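Residues per chain, in single letters:
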Amino acid sequence: MDSEKEEHVSIKIKVLFFARARDLTGMTDMSLEVSPGTTALGCLNKVITKFPGLEEIRNCMVLALNEEYTPESTVVKDRDELALIPPISGG
């Protein structure tokens with residue numbers, strides 16, 4: 001047997017919720033464990049699985065990784081911070 005078989009490896013990121021996303025989750029942030037190579041979109045999908053109410057703002061929110069706007073295709077790394085930023089209305 002190959003003794004160098006990969007163990008189950010995962011990375012942890014911090015997900016931050018703002019505005020309506022905070023209202024829908026009831027949280028300001030959470031830890032999320034994902035596999036290496038997971039994209040920002042993969043993380044978003046996993047968060048929406050935990051908080052299905054986020055589906056209502058899914059198509060209008062932007063993602064920021066480590067305080068910079070990011071495309072959904074960006075691969076997250078251990079200890080990254082992914083922010084879910086819905087549109088903010090005011091008046």
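Procedures and definitions
- Residues numbered from 1 in each chain as written.
- Predicted model: local features only at pLDDT ≥ 70, side-chain atom pairs only at ≥ 80, totals over all residues.
- Heavy atoms only, no water.
- Salt bridge = Lys/Arg side-chain N within 4 Å of Asp/Glu carboxyl O.
- Helix = DSSP H or I, 4+ residues; strand = E, 2+ residues; numbered from the N terminus.
- Buried < 20%, exposed > 50% of the residue type's maximum accessible area, 1.4 Å probe, protein only.
- Pairing = 2+ DSSP bridges.
- Contact = heavy atoms within 4.5 Å.

Asker: Help me understand the pattern of salt bridges, please; the structure alone is not making it clear to me.
Answerer: When the charged atoms of two side chains with opposite charge come close together, those side chains can pair. Tallied over the entire structure, the rule returns two salt bridges. Between Glu56 and Arg20 there is a salt bridge; the shortest N-O distance is 3.1 Å. One end of the pair, Glu56, is in the loop between helix 2 (40–50) and strand 3 (62–65); the other, Arg20, is in helix 1 (residues 19–25), and 36 residues separate them in sequence. Looking at Arg20, the relative accessible area reads 35%, which means it is partly exposed. Between Glu55 and Arg58 there is a salt bridge whose closest N-O contact spans 3.8 Å.

Asker: For this particular structure, what's the right way to read the pairing of strand 3?
Answerer: The side chains of a regular strand alternate, first on one face of the sheet and then on the other. Relative to strand 5 (residues 81–85), strand 3 runs antiparallel, the two sharing four bridges. Within the sheet, the bridge partner assigned to Ala64 lies in strand 5 and is Ala83. Relative to strand 4 (residues 68–69), strand 3 runs antiparallel, the two sharing two bridges. Considered in strand 4, the bridge of Ala64 is made with Tyr69. Between strand 3 and strand 4, which follow one another and run antiparallel, lie two residues, and Asn66 among them has a positive phi close to 55°.

Asker: When you look at the side chain of Asp80 in this model, what are you seeing that I'm missing?
Answerer: Here Asp80 lies in the loop between strand 4 and strand 5. Aside from chain neighbours lying at most four places away, what touches Asp80 is Lys12, Ile13, Lys14, Leu65 and Asn66.

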